[in-house]
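Here's the letter readout for the chains.
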Amino acid sequence: MDLGLSGKVALITASSGGIGMNVAKRLASEGADVVLLARSAEKLETLAATFRDEYGVRALPVVGSMLETSDHDRLFAAIKDEFGRLDIAIVNTGRPPSPLRSALDETDRSRWHQSYDTLLSCVIEITQRAHPLMSANSWGRMIAITSASVHLAMPHHALSTVFRAGVEAYMKHLSSEIGKDGITVNCVAPALIDSSHREAAVSYSPEQTARRREMSAMKRLGTHEELASVVTFLASVPAGFVTGESIRVDGGMVTAALHR
Ligand SMILES: NC(=O)c1ccc[n+]([C@@H]2O[C@H](COP(=O)([O-])OP(=O)(O)OC[C@H]3O[C@@H](n4cnc5c(N)ncnc54)[C@H](OP(=O)(O)O)[C@@H]3O)[C@@H](O)[C@H]2O)c1
């Protein structure tokens, strides 16, 4: 299937590693020009060079934080300067404050505020800035990466889930407001994606990894490629009549738990 992504310009935020990087790689492999945003300058430069060499696309690295409005200004100024257009926005974010705790133990207001800034507020800001560039061409794709925990109260995930539920609600509102501009708006809600790329201090122990495998109907973890494929399809031309949805990529974890 031709995804029609060649020559499209895609912004992928929080894209120096993990999910964001893998989605950027997949979009570039389909011929999309990519704009990368994250704080690690060296990683972004290396990735952009790799995408140019391997896929022959244009790749613009912008070093900055999702949490800084002035960085959003620079990001969108750079997109306008370099491409003069934006077709796709994959709005991925950093993680909520660690460690996650049970809801009643989350008594530190600053962690709630930090989580709001990290997971929800920046999604609103990026999509608001992306909208005029997409509506100018009567075509666009906005996709927020959330979490399957929005659909299942997972232990210790309140701090994460509350604001991602907000993202899902916001994206649904947006889908009904801007569909008329030719823009689709969706969420992809992952869980149980293999995070072994992360350093040991913030990664799962072997016991936790075994428990995570058990939670999926498939009895395995998902790969970044599987997640990136779903995001890439939603970003594609053939996905033009899918909007206002939240698609779980969780190996059946939520469905299995709800029907146990
Ligand atoms: N992996 C899963 O199974 C899973 C499941 C559900 C939800 N999620 C969510 O999906 C998102 C991505 O997960 P991941 O596994 O890819 O995480 P990750 O491996 O920790 O990568 C996070 C990425 O976000 C960037 N980042 C962090 N803070 C940033 C900021 N303030 N501004 C710009 N970029 C920032 C990091 O780059 P720099 O450090 O260079 O800025 C890095 O590229 C997270 O919100 C995570 O909670 C993941």
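Provided above is the structure to which this section pertains.
Residues numbered from 1 in each chain as written. Predicted model: local features only at pLDDT ≥ 70, side-chain atom pairs only at ≥ 80, totals over all residues. Heavy atoms only, no water.

*Asks:* Describe in detail the pattern of salt bridges, supporting the description with residues and values.
*Replies:* Inspection of every chain in the model, using the stated rule, returns 10 salt bridges. The partner of R85 in a salt bridge is D87, with the nearest N and O atoms 2.7 Å apart. (Salt bridge = Lys/Arg side-chain N within 4 Å of Asp/Glu carboxyl O.)

*Asks:* Got a sec to walk through helix 2 (residues 41-55)? Specific residues and values, please.
*Replies:* In this model helix 2 runs 21 Å from its N-terminal to its C-terminal C-alpha over 15 residues, within 8% of the 21 Å that 1.5 Å per residue would give. Taken as a whole, helix 2 has its buried residues at L44, L47, A48 and F51. Buried positions in helix 2, seen along its axis, are confined to an arc of 100° and lie on one side of it. With respect to the buried face of helix 2, the exposed residues turned more than 90 degrees away are E42, D53 and E54. The inward-facing, buried residues of helix 2 contact helix 1 (18-29), strand 2 (33-38) and strand 3 (59-63). In the segment just after helix 2, G56 is the residue with positive phi, at about 65°. (Helix = DSSP H or I, 4+ residues; strand = E, 2+ residues; numbered from the N terminus. Expected span 1.5 Å × (residues − 1). Buried < 20%, exposed > 50% of the residue type's maximum accessible area, 1.4 Å probe, protein only. Arc of directions from axis to C-beta. Contact = heavy atoms within 4.5 Å.)

*Asks:* A description of the site of the ligand should follow, citing residues and the corresponding values.
*Replies:* By nearness alone, 28 residues border the ligand, and I19, R39, S40, R95 and R164 come closest of all. Residue I19 places a main-chain N or O atom 2.7 Å away from an oxygen atom belonging to the ligand. A distance of 3.2 Å is found between an oxygen atom of the ligand and a backbone nitrogen or oxygen belonging to T93. Burial of the ligand by the surrounding chains reaches 88%, relative to a free accessible area of 890 Å². Its residues assigned to classes, the shell around the ligand shows 10 nonpolar, 13 polar and 5 charged. (Near = heavy atom within 4 Å. Polar contact = N/O pair within 3.5 Å; in protein donor to acceptor, adjacent residues only side chain to side chain. Areas by Shrake-Rupley, 256 points an atom, 1.4 Å probe, with all protein chains shown as cover. Nonpolar A, V, L, I, M, F, W, Y, C, P; charged D, E, K, R; others polar.)

*Asks:* Account for the sheet that holds strand 6 (residues 183-190), with residues named and values stated.
*Replies:* Strand pairs in the sheet, formed through backbone hydrogen bonds, run parallel or antiparallel to each other. An order of 3-2-1-4-5-6-7 is seen for the 7 strands of this open sheet, with the pairing classed as parallel. Two strands lie at the open edges of the sheet, namely strand 3 and strand 7 (246-249), each paired on one side alone. Within this sheet the neighbouring strands show an average axis-to-axis angle of 15°, counted without direction. Strand direction decides the pairing type here: strand 6 and strand 7, joined by 4 bridges, are parallel. Each residue of the ladder has a partner; that of V188, found in strand 7, is I247. Packing against the sheet, helix 2 makes contact with strand 2 and strand 3, and its axis sits at approximately 175° to strand 3. The sheet strands contacting helix 5 (residues 158-178) are strand 5 (140-145), strand 6 and strand 7, and the helix crosses strand 6 at an angle near 160°. (Pairing = 2+ DSSP bridges. Axes fitted to C-alpha atoms, helices over the stretch in contact; angles between N-to-C directions.)

*Asks:* Give me the lowdown on empty space enclosed by the protein, citing residues and values where you can.
*Replies:* Over the atoms rolls a probe the size of a water molecule, and its path tells where empty space is left. Per the stated rule, a full pass over the model turns up 1 cavity of 30 Å³ or more. Looking at the largest cavity, its volume works out to about 30 Å³. Looking at the largest cavity, the residues that line it are E168, M171, K172, V185, N186, C187, G244, E245 and S246. Of all the secondary structure elements, the ones that give two or more residues to the lining of the largest cavity are helix 5 and strand 6. A per-class count over the lining of the largest cavity returns 3 nonpolar, 3 polar and 3 charged. (1 Å grid on protein atoms, 1.4 Å probe; cavity = no way out; pocket = protein on both sides within 12 Å on 5 of 7 lines; lining within 4 Å. Points joined across faces, edges and corners; volume = space filled by probe spheres on them.)

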